[in-house]
Amino acid sequence: VQFPATQIPSADPNALDDYEEGTFTPALVFGGAAVGMTTSLATGRYTKVGRLVNFNISITLTAKGSSVGAATITGLPFTATNASGIFSPGVMLVSNVTTVAVPMYYPNSTSLVLEDFTGSARAVMTEGDFTNTTSIILTGTYSV
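Note that this is a predicted model, so its numbers are computed, not measured. (Residues numbered from 1 in each chain as written. Predicted model: local features only at pLDDT ≥ 70, side-chain atom pairs only at ≥ 80, totals over all residues. Heavy atoms only, no water.)

## Topic: the sheet that holds strand 10 (residues 130-143)
Okay, step 1: On the basis of which strands lie adjacent, the open sheet formed by five strands has the order 1-3-4-10-6 and antiparallel pairing. In this open sheet, the two strands that pair with only one neighbour each are strand 1 (19-24) and strand 6 (90-97). Between one strand axis and the next, the sheet turns through 5 degrees on average, direction left out of account. (Pairing = 2+ DSSP bridges. Helix = DSSP H or I, 4+ residues; strand = E, 2+ residues; numbered from the N terminus. Axes fitted to C-alpha atoms, helices over the stretch in contact; angles between N-to-C directions.)

The structure is reproduced here in structure tokens:
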């Protein structure tokens, strides 16, 4: 099966009319900013099949900077459906973080909100959960 370079959308919900592969540049931000943050690695790859986007993200910090607030990864290649609080299937591995039990994420527009699940409650991760050498490896799927 070969798809044209430009999608020819079909109104038929059962027609597979879109396939795309590519790269993107994810960015970790705290409170929507990344003042003074530096990375040695920030890469993303995706495969879009119909309304599903499968992605892989790797980010390694060399300095977390001075921004404060909720931790999100921005720069997703497509806008996710409105799924705030609905977790997508995937795996997130983090190293060199503080007090994180089970890292989780959910899509919100063109970003991923990072959360920690402690067994009885979940909380949005913040700059306090990260160090200057934090690494994130994330793979998952979201709907557009």
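## Some remarks on the side chain of Thr 60
Okay, step 1: In this fold, Thr 60 is placed in strand 4 (residues 52-63).
Okay, step 2: A polar contact is formed between the side chain of Thr 60 and the side chain of Ser 135, at a distance of 3.2 Å.
Okay, step 3: Filtering out sequence-adjacent residues up to four positions away, Thr 60 remains in contact with Thr 39, Ser 40, Leu 41, Thr 134 and Ser 135. (Polar contact = N/O pair within 3.5 Å; in protein donor to acceptor, adjacent residues only side chain to side chain. Contact = heavy atoms within 4.5 Å.)

## Some details on the pattern of salt bridges
Okay, step 1: Applying the stated criterion across every chain, the model contains two salt bridges.
Okay, step 2: Between Asp 18 and Lys 48 there is a salt bridge; the shortest N-O distance is 2.3 Å. Here Asp 18, found in the segment before strand 1, pairs with Lys 48, found in strand 3 (residues 38-49); they are 30 residues apart in sequence, far enough to count as distant.
Okay, step 3: A salt bridge links Arg 122 to Glu 115; its shortest N-O distance comes to 2.5 Å. (Salt bridge = Lys/Arg side-chain N within 4 Å of Asp/Glu carboxyl O.)

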